[in-house]
Amino acid sequence: MAKGHIASAAIFVVAAMAFLSTSVLAHSWVDCVKYDPVNKVCLGYSRGYPTRLDPNINTEYTYIFSNKPTTQAMCDPIQQSTMNYTAALPMATAQPGETIYTTWEQNGHMAVAGTTKVYIYYYADSTKEFMQVSERLTAPVAGSFDFASLSNCYSSQDNSVCLGQWVVPTNLVPGKTYHFVWFWYFPNPVGQWYSTCFDMNIQTSSHVVGTADMATLLKKGSPPDDYDYGLNAEAKSLIADVTTLAKTDVATPSSTPVEDAASSPMAHASSSASASGAIKAFDNILGLAMAAAVAKAAESTASPSPSDDEMDAATSTTNIYDVQLNSEIPASSIDDVESDYATTVSATPTPAATKKCRPRPSK
C-alpha cells in the first residue's frame, strides 16, 4: 500500500479516535453559587467546597455520572452528602424572585459547534433533598443556560470563568432552606454528566445584584483569583447590606418547571428525531470509515485512502451531533440518543489520563 495512503488512513483514524477520547475528559463544578459580578465577590458556596487553594480540588470535587446511571447518588457522597458549610464558606442567602449569578470554570470546553447545557434543579419542598440522579427527570428547573460560550464566559481561555444567570423560584417560602443541583449534560458517546449540590437560605431580604445584560457584566472583567477562597471583608459587608425586592423587581423565571418528555427545558420533540438521526449517521460514517481505513492500511495492494471529502463528512457529522444534542430536546431523549452508542463505545478503549484544571496558588 502506498505510503501516502497509509498516512492518510492513519490520520483519519487518529482524528476519529481523538474525538472519542477527548469527549471523556470533561470535568467541572460550581465555584461560587451566588456571585456578585459587579463587585466581583462570592457571597455563597456549594456543599463541601474545598476552594481552589486545595491542589487536589480536581480529584476531590469533580463528581461524574458515566454511562447514564439511574441509581447513582445525585450528590457526591464524600463531599456533598450534608450541608457542610463553614463561616468562611457559607451557603447563599437569597429571596424569591432574585436573580442569581453562579460561576464555574470551563476547563477547556468552550463551545465550537453548538454548546452544552447546564440546568439548576430544585425541590420546592424544604424537607426534600435529591437522592438519586433519576430524580432530575421529574424535578422542577430553576434555570438553564450555556455551559461555556463567548456569550457567558469572560474569555475563551481554558480556565475562563463562566456565568449562569437564573432566578430563585417565587414559590419558595422565606425562613426555610431549599436544596438545589447544578447539573451539566456533557454530550459524548458514553453519556457523561456532572453535578454540584448546594442549598439556599431563603429570606425576605438579601443582598441583591439585580438583573443585568450578560454582555455588560462580562465587560466588567473576570473575578480576581481569590474570589472563591472564602468570604473576605467586602463580601461580608455586602451580605449584610440587604434589600427587599419590590414586586416590580421580581424576575420572571424563564425555564419550564418540569423536565419530562412532554414538558422540558429542552422541549422540542422534533429535535430528538433529528438528533437520533445525526447520531446514527455519526455511527455509520465514523465507525465504518474507521474500520475501513484500518483494513485498507493492512492490505498489501494499493487502494484508495479515505478522501478529504470523507473526512470532511465525518467531521461535519460530528458537528451536527454537537449541535443537535445541544439543541432544546428533552433529557429523556438524550438518554435515547446516547443509547445508540452502547455497542460501539463498549469496544472503544477509554484513555487512562484525566485532564486536570489548575488550582490557583495562594498569593
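Residues numbered from 1 in each chain as written. Predicted model: local features only at pLDDT ≥ 70, side-chain atom pairs only at ≥ 80, totals over all residues. Heavy atoms only, no water.

**Quick word on the packing of aromatic side chains**
This structure, assessed with the given rule, holds 22 aromatic pairs. Each ring, one from Tyr-119 and one from Tyr-185, has its centre 5.6 Å from the other, and the planes form 85°; the classification is edge-to-face. Of this pair, Tyr-119 sits in strand E7 (residues 117-122) while Tyr-185 sits in strand E10 (residues 176-186); the two residues are 66 residues apart in sequence, bridging distant segments of the chain. Residues Tyr-119 and Tyr-185 agree in their burial class; the two are buried. Both rings, one in Trp-184 and one in Phe-186, keep their centres 5.2 Å apart while their planes meet at 65°; by these two values the pair is edge-to-face. Across the ring face of Tyr-123, the terminal group of Lys-128 is positioned such that the distance to the ring centre comes to 4.1 Å. (Phe/Tyr/Trp six-rings, centres within 6.5 Å; stacked < 30°, edge-to-face > 60°. Helix = DSSP H or I, 4+ residues; strand = E, 2+ residues; numbered from the N terminus. Buried < 20%, exposed > 50% of the residue type's maximum accessible area, 1.4 Å probe, protein only. Lys NZ or Arg CZ within 6 Å of the ring centre and 35° of its normal.)

**Description of the pairing of strand E8 (residues 141-146)**
Burial runs high along E8: five of the six residues are buried. Bridge count between E7 and E8: five bridges; the pairing is antiparallel. Opposite Tyr-121, over in E8, you have Val-141 as the bridge partner. (Pairing = 2+ DSSP bridges.)

**Let's talk about the pattern of salt bridges**
Across all of its chains, the model carries seven salt bridges by this definition. Put simply, Arg-47 and Asp-199 hold a salt bridge, and the shortest N to O gap is 2.7 Å. Of this pair, Arg-47 sits in the loop between strand E3 (41-44) and helix H2 (57-61) while Asp-199 sits in strand E11 (residues 192-202), and the two are 152 residues apart along the sequence. Taken individually, Arg-47 and Asp-199 each receive the classification buried, so the pair is uniform in this respect. Among the salt bridges present, the one from Asp-146 reaches Lys-117, with a minimum N-O distance of 2.8 Å. Here Asp-146, found in strand E8, pairs with Lys-117, found in strand E7; they are 29 residues apart in sequence, far enough to count as distant. (Salt bridge = Lys/Arg side-chain N within 4 Å of Asp/Glu carboxyl O.)

**Concerning the sheet that holds strand E9 (residues 161-167)**
Here three strands make up an open sheet; going across it, the order is E1-E6-E9 and the pairing antiparallel. The open sheet terminates on both sides in strands that have one partner only, identified here as strand E1 (30-32) and E9. Shown here is a sheet whose adjacent strand axes are inclined to one another by a mean of 40°, direction ignored. Summarising the sheet, E1 and strand E6 (residues 99-105) pair through two bridges and their orientation is antiparallel. Paired with Cys-32 across the bridge in E6 is Thr-103. (Axes fitted to C-alpha atoms, helices over the stretch in contact; angles between N-to-C directions.)

**Comments concerning the environment of Pro-96**
If you trace the backbone, Pro-96 turns up in the loop between strand E5 (92-94) and E6. With relative accessibility at 19%, the residue Pro-96 sits in the buried group. It is 6.1 Å that separates the C-alpha atoms of Pro-96 and Leu-172, two residues lying 76 residues apart in sequence. When sequence neighbours within four positions are dropped, the list of residues in contact with Pro-96 reads Val-168, Pro-169, Thr-170, Leu-172, Pro-174, Ile-202, Gln-203, Leu-245 and Val-250. (Contact = heavy atoms within 4.5 Å.)

**Quick word on the state of the cysteines**
In the structure shown here, the tally under the stated rule is three disulfides. With its sulfur 2.1 Å from that of its partner, Cys-32 forms a disulfide with Cys-42. Note on the Cys-32 and Cys-42 pair: the S-S dihedral is about 105°, so by sign convention the disulfide is right-handed. Residue Cys-32 is located in strand E1, and its partner Cys-42 is located in strand E3; the two are separated by ten residues in the primary sequence. Classification of Cys-32 by relative accessible area gives buried; the value is 0%. In this model, Cys-75 is linked to Cys-197 through a disulfide, with the two sulfur atoms separated by 2.0 Å. Residues Cys-75 and Cys-197 are joined through a disulfide that is left-handed, its torsion about the S-S bond being -95°. Pair noted here: Cys-75 is in the loop between strand E4 (64-66) and E5 and Cys-197 is in strand E11, with a separation of 122 residues, a long-range link. The same class applies to Cys-75 as to Cys-197, namely buried. (Disulfide = S-S within 2.5 Å.)

**Describing unusual backbone geometry**
Non-glycine residue Thr-51 carries a positive phi angle of around 70°. Looking at the element boundaries, Thr-51 is found in the loop between E3 and H2. Located in the positive-phi region is Lys-68, a residue other than glycine, with phi close to 55°. Considering the arrangement of structural elements, one finds Lys-68 in the loop between E4 and E5. Residue class for Lys-68 comes out partly exposed when judged on its relative accessible area of 23%.

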